[in-house]
Amino acid sequence: MKTRGYAALQSKAPLTDFEFERRPIGDRDVGFDIKFSGICHSDIHQAREEWGPALFPMVPGHEIVGIVTVIGTKVSKFKVGDRIGVGVFIDSCKECRNCKRGMEHFCSEGMTATYNSLERDGKTVAFGGYSNYFVVDERYAVKVSENLDFAGSAPLLCAGITLYSPIRHWEVKKDSRVGVMGLGGLGHMGVKFASALGAEVTVFSHSASKAADAKRLGASNFVDISSDWPKMHRKGFDLILNTVSAELDLEPYLQALDTDGTLVIIGLPGKPYAINAGTMLEGRRSISGSMIGGMAELQEMMDFCAEKNIVSDVEIVQPNQINRAYERTIKSDVKYRFVIDASGF
Ligand code: NAP
Ligand code: ZN
């Protein structure tokens, strides 16, 4: 089906109008009209090839919500008119150990990303959510509650699950001492989830103007990282979630971990980090990473959000404002996620 969207025609080029075809509906496919599509910093990294060579033209977007318009003959999870969401991947091998235990995002054969990837036939380029229509195998889509603000629910599909998953994995609970580095799209979801679970949340930010917002979103403390904070916060945290999109020195954050504490790498600036062995040994500290979440956990998070009425704080933009939104995201000037109104495509 003819689809209109926005694409980067080459690396670092501004995004522009783009028309393409979506595949016809297969037995297990769901077709839907996209209503909102979030702008993730990963879209910017990829459109600018900050993670290495990418596929162009690129239609970014992996925080997608819409309304089902057509279903295949074997679809059981959705009916026409339902709210639906698609996140960072649209396929996986379905056979490997990770796929079988609901960790499709860690598929041994590699997940098929929603864009900037080839589908499993090895030749069809996947185009993402900056568009007005989508087709997906129902296994790789989730139900979105009618009770949630629809625009605010789009960022749950990436920013939301990416923070929910480590917060659950490291068993954040009442009185856990959690640090969130960077109050952007991902970070603000981390503050909402960790505080909803009763944790004491501290935001580490290089934007002093975000202090009041951090508290409003649920944080107890705000640290301006240009201050002399490391002495005050040494050994003060059980878990620190690093959502920063830029390179930075991890050493003071590792020193801020208490015994058996973990620093989780989530932001992906693209360059390697230096780690001081002495800091890791002392206090048996850990450093780990976390990447989105599997389909079962994605649905669990959507349901958790519906129960607690959690959505992202969004600024809605029209397609012709995408390039400006990219510039503002790079300047950390977004409160706290740009979401594209897909009716403008
Ligand atoms: P974002 O909205 O731009 O937020 C990033 C935040 O990092 C900014 O708001 C800012 O927070 C902080 N920051 C930016 N530049 C900084 C600098 N020079 N020094 C210190 N802090 C700085 O981006 P996002 O969409 O949340 O994504 C964050 C990162 O996670 C990106 O690298 C993205 O690719 C990655 N990501 C990873 C996964 C995963 O599965 N692991 C999934 C999605 C995205 P303050 O203003 O508060 O300092
Ligand atoms: Zn993302």
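Computed from a predicted structure; not experimentally measured. (Residues numbered from 1 in each chain as written. Chains lettered and ligands numbered in written order. Predicted model: local features only at pLDDT ≥ 70, side-chain atom pairs only at ≥ 80, totals over all residues. Heavy atoms only, no water.)

A.B. asks: So what's going on with the site of ligand 1? Residues and values would help.
C.D. replies: Around ligand 1, the structure places 29 residues, and the nearest of them are His41, Ser205, His206, Ser207 and Arg337. In the environment of ligand 1, an oxygen atom lies 2.8 Å from a nitrogen or oxygen atom belonging to the backbone of Leu186. Between Ile266 and ligand 1, the recorded distance is 3.0 Å, taken from a backbone N or O atom to a nitrogen atom. A total of 920 Å² of accessible area belongs to ligand 1 in isolation, and the protein chains cover 91% of it. With three residues, the single largest contributor to the shell around ligand 1 is helix α1 (residues 41–47). Here the shell around ligand 1 is composed, by residue class, of 11 nonpolar, 16 polar and two charged. Of the domains in this structure, domain 1 (2–158 + 312–344) and domain 2 (160–289) are the two that each give at least three residues to the shell around ligand 1. (Near = heavy atom within 4 Å. Polar contact = N/O pair within 3.5 Å; in protein donor to acceptor, adjacent residues only side chain to side chain. Areas by Shrake-Rupley, 256 points an atom, 1.4 Å probe, with all protein chains shown as cover. Helix = DSSP H or I, 4+ residues; strand = E, 2+ residues; numbered from the N terminus. Nonpolar A, V, L, I, M, F, W, Y, C, P; charged D, E, K, R; others polar. Domains from an automatic or database assignment.)

A.B. asks: Report on the sheet that holds strand β14 (residues 257–265), specifying residues and quantitative values.
C.D. replies: On the basis of which strands lie adjacent, the open sheet formed by six strands has the order β12-β11-β10-β13-β14-β15 and parallel pairing. Edge positions in the sheet fall to β12 (221–224) and β15 (286–289), since each has one partner strand and no second. Strand after strand, the sheet turns through a mean of 20° between neighbouring axes, direction not considered. Where strand β13 (residues 237–242) and β14 come together, five bridges link them in parallel fashion. (Pairing = 2+ DSSP bridges. Axes fitted to C-alpha atoms, helices over the stretch in contact; angles between N-to-C directions.)

A.B. asks: I'd love a proper account of the pattern of salt bridges, names of residues and values included.
C.D. replies: For the structure on display, the rule yields 25 salt bridges. Asp82 serves as the salt-bridge partner of Lys79, at 3.0 Å between the closest nitrogen and oxygen. Ionic pairing is found between Asp333 and Arg328, a salt bridge with its closest N-O pair at 2.9 Å. A network of salt bridges, in which partner residues are shared, links Lys192, Asp213, Arg216 and Asp313. (Salt bridge = Lys/Arg side-chain N within 4 Å of Asp/Glu carboxyl O.)

A.B. asks: Provide a residue-level description of the domain arrangement of the chain, including the pertinent values.
C.D. replies: According to the domain assignment, the chain contains domain 1 (2–158 + 312–344) and domain 2 (160–289). If you average the C-alpha positions of domain 1 and of domain 2, the two centres end up 27 Å apart. Between domain 1 and domain 2 lies a buried interface of about 1,400 Å² when both sides are counted; carbon and sulfur atoms form 51% of it. The largest contributions to the domain 1 side of the interface with domain 2 come from Cys158, Asp313 and Tyr336, which together make up 41% of the buried area. The interface formed by domain 1 and domain 2 contains two salt bridges. The residue Asp313 makes a salt bridge to Arg216 at a minimum N-O spacing of 3.1 Å. (Buried area = accessible area lost by both parts, 1.4 Å probe.)

A.B. asks: Can you lay out the environment of Tyr140 for me, pointing to particular residues and giving the numbers?
C.D. replies: The topology assignment puts Tyr140 in the loop between β8 (133–137) and β9 (142–143). Excluding residues that lie within four positions of it along the chain, Tyr140 makes contacts with Gly85, Val86, Phe89, Ile90, Asp91, Ser92, Lys94, Glu104 and Met295. (Contact = heavy atoms within 4.5 Å.)

A.B. asks: An account of helix α5 (residues 185–196) is needed here, citing residue identities and associated values.
C.D. replies: The end-to-end C-alpha distance of α5, which contains 12 residues, comes to 17 Å, matching closely the 16 Å that a straight helix rising 1.5 Å per residue would cover. When you tally the buried positions in α5, you get 10 out of 12 residues, the bulk of the element. If you check which residues of α5 are buried, you get Gly185, Leu186, Gly187, His188, Met189, Gly190, Val191, Lys192, Phe193 and Ala194. Buried residues along α5 sit against α4 (159–169), β10 (177–181), β11 (200–205), α6 (211–217), α9 (295–308) and β17 (337–341). Remark: Gly198 follows α5 within two positions and exhibits a positive phi of approximately 90°. (Expected span 1.5 Å × (residues − 1). Buried < 20%, exposed > 50% of the residue type's maximum accessible area, 1.4 Å probe, protein only.)

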